[in-house]
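# Notes for the structure review
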Amino acid sequence: MKEFSILSSWMFINLLLLESSSCAGDSSVVNPCCYYPCQNSGVCVRFGTDGYQCDCTRTSFYGDNCTVPEFWTRVRHMLKPSPTTVHFILTHFQWFWDLVNNSFLRDTFMRLVLTVRSNLIPSPPTYNTKYGYLNWESYYNISYYTRLLPPVPEDCPLPMGTKGKPVLPDPQVLAEQFFKRKKFRPDPQGTNLMFAFMAQHFTHQFFKTDHKVQGGFTKALGHGVDANNIYGDELVRQLQLRLHEDGKLKYQLVNGEMYPPTVSEVPVHMVYPEGLPPEQRLAIGQELFGILPGLTTYATIWLREHNRVCDVLKAEHPTWDDEQLFQTTRLIIIGEIINIIIEEYVQHLSGYLLKLKFDPPLLFNTPFQYSNRIALEFCHLYHWHPLMPDSFLIDGDEIPYSQFIYNTSILTHYGVEKLVDAFSRQPAGQIGGGQNSHEIVLKVAEMVIRESRATRVQPFNEYRKKFNLKPYTSFYEFTDDLEMARGLEELYGDIDALEFYPGILLEKTRANGIFGESMVEMGAPFSLKGLLGNPICSPEYWKPSTFGGETGFSIVKTATLKKLVCLNTKWCPYVDFHVPRNEEEAKPRKPSTEL
């Protein structure tokens, strides 16, 4: 006789309660999958009108609801430390990590980090916004974002399944009450605006939601790091941005320095407000990047780096034509991006004392698929607008948003060096914990919440389970802000009805951390799988010939944020993802030193 678990009993009682509370004569029954009965990644399949089965295949669990661990699974869970314990170990014991980082153990630990994280992301992809079951369309149609969990079934009695209020709270009320900044709260990890603008510049390669079409569609032609934010996402745009000589991109000279060309010189579509002078409308790979000087700064740096690398390759390969120089340089640029993101950007975010390493061969002898699809949940959790400050401090000037947005003249007025120096010194806001978003970006939070409802994203606690995290039992456990806990409980009614995006942004932060446990444990697997799943990291690509020889290969393997900036500027500003830790660190240096 099959096991009848506690969860099954609870679900059966609730089914009776729901049915007894329905109108007289209403014979409708609740879809049992609305209770999310299948645990440990088991798949709920409905049979008849009120029956279901959990497919526990390869979950290492069995039973009616995939709740009974197999023997070795039980042993593994007894020995496996919790995510909190792992994080504590990785962020403490400096003497131990100094030993690891300077020995062969670094490769062992790095391989473990990569495999444990990446294995949480299914490959090939599973569900998408339209389909809550596996099918060919979900796999084949890359116009959809994929998704980790299937949508909330459409026939559930309540918006989030079977728990919570019958009507979800107004997104504007949520944004005003829980997201809006009361007082700027700097990130205790020391994150700066150089990091904030890199986050935005980097992720807009693959986060391109098509808001004209409801249903979780993406306008991105690729699902990973392809540098389309530099080169354009379509061939026509790329060809317009190219100089068609020595592999280079078009540019303009301002006071003898290289900057992106204007749209009058390169007539690609860019989003600018009416009335902006033509000479201030810069032409960039990403059509939205004229909005913030921080983004045009990065666009300028990558433009200069591309053309610099073209010169390096041209010197070594004088017989190569424009096309081969361009295509090989693009692969080098993609490699530089991935290296900087893993070894500096992710390193900073993690707070780990283990020194992260970009070394694709670490995975060559392990099962790994070199492909990637961007998930809707990853797109939602990466809206980190609390990073933005109240105003921008540049070379002694305080610039409000009204004078910062769409003001490309800031770039040419101050120059790349002063902007990089300013952005590297100014603290960014703490992302997690809530109530730290500038009012100018609140509409974005509202948009994400509405989009998550339109695509029926499952509750926050269901994602906690999916990533092997203990679900919260109350709002008072979820946040250490008593007023926020009371407000959320009043609006949602039940912690199991809390939505994914509010959950991941409002969750209490880790001690001295930029955000809470869930953001780290959910975001890191998506990120590392996407970075290492890039084709250039595969055994077929990762060799000198791909990058034009050892010189190009070395550019990829030794890339740093400092080299990226200082090899393309007249003088070397303070450049880092962390605000200066001391006065000596913050001193400007000439480009020729320490590179």
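Scoring rules and cut-offs
Residues numbered from 1 in each chain as written. Predicted model: local features only at pLDDT ≥ 70, side-chain atom pairs only at ≥ 80, totals over all residues. Heavy atoms only, no water. Helix = DSSP H or I, 4+ residues; strand = E, 2+ residues; numbered from the N terminus. Expected span 1.5 Å × (residues − 1). Buried < 20%, exposed > 50% of the residue type's maximum accessible area, 1.4 Å probe, protein only. Salt bridge = Lys/Arg side-chain N within 4 Å of Asp/Glu carboxyl O. Core = buried A, V, L, I, M, F, W, Y, C linked by side-chain atoms within 4.5 Å. Contact = heavy atoms within 4.5 Å. Phe/Tyr/Trp six-rings, centres within 6.5 Å; stacked < 30°, edge-to-face > 60°. Lys NZ or Arg CZ within 6 Å of the ring centre and 35° of its normal.

Time to look at helix α12 (residues 322-350). Helix length check: α12, at 29 residues, gives a terminal C-alpha distance of 40 Å against a target of 42 Å (1.5 Å per residue), a fit within 8%. Burial runs high along α12: 23 of the 29 residues are buried. Just downstream of α12, Gly351 is the residue with a positive phi angle, here 75°.

For the rest of this paragraph, the subject is the pattern of salt bridges. Across all of its chains, the model carries 24 salt bridges by this definition. Asp496 is paired through a salt bridge with Lys163; the nearest N and O atoms lie 2.8 Å apart. Placement of Asp496 in the loop between α19 (482-492) and α20 (500-506) and of Lys163 in the loop between β6 (146-147) and α7 (171-179) is noted, with a sequence separation of 333 residues between them. For Asp496, a relative accessible area of 24% puts it in the partly exposed group. Among the ionic contacts, a cluster of salt bridges with common partners joins Asp107, Lys357 and Asp359.

Okay, the nonpolar core next. With 148 residues, the main nonpolar core has Tyr345 and Trp384 as its most contacted residues. A per-element tally of this core places α12 first, with 13 residues. Setting aside residues up to four positions removed in sequence, Tyr345 forms contacts with Phe195, Met198, Ala199, Ile340, Tyr382, Trp384 and Phe577.

What follows is about the environment of Glu483. Of note, Glu483 is situated in helix α19. Between the alpha carbons of Glu483 and Phe392 there is a distance of 31 Å; along the sequence they are 91 residues apart.

What follows deals with the packing of aromatic side chains. Taken as a whole and judged by the stated rule, the model has 41 aromatic pairs. Measuring from centroid to centroid gives 5.6 Å for Tyr472 and Phe478, while their planes differ by 85°, and the two rings are edge-to-face. We note that Tyr472, like Phe478, is buried. Here the aromatic residues Phe195, Phe202, Phe206, Phe207, Tyr345, Phe378, Tyr382, Trp384, Phe467, Phe515, Phe526 and Phe577 are joined through ring pairs into a cluster of three or more. The ring centre of Tyr259 lies 5.1 Å from the NZ or CZ of Arg304, which sits over that ring.

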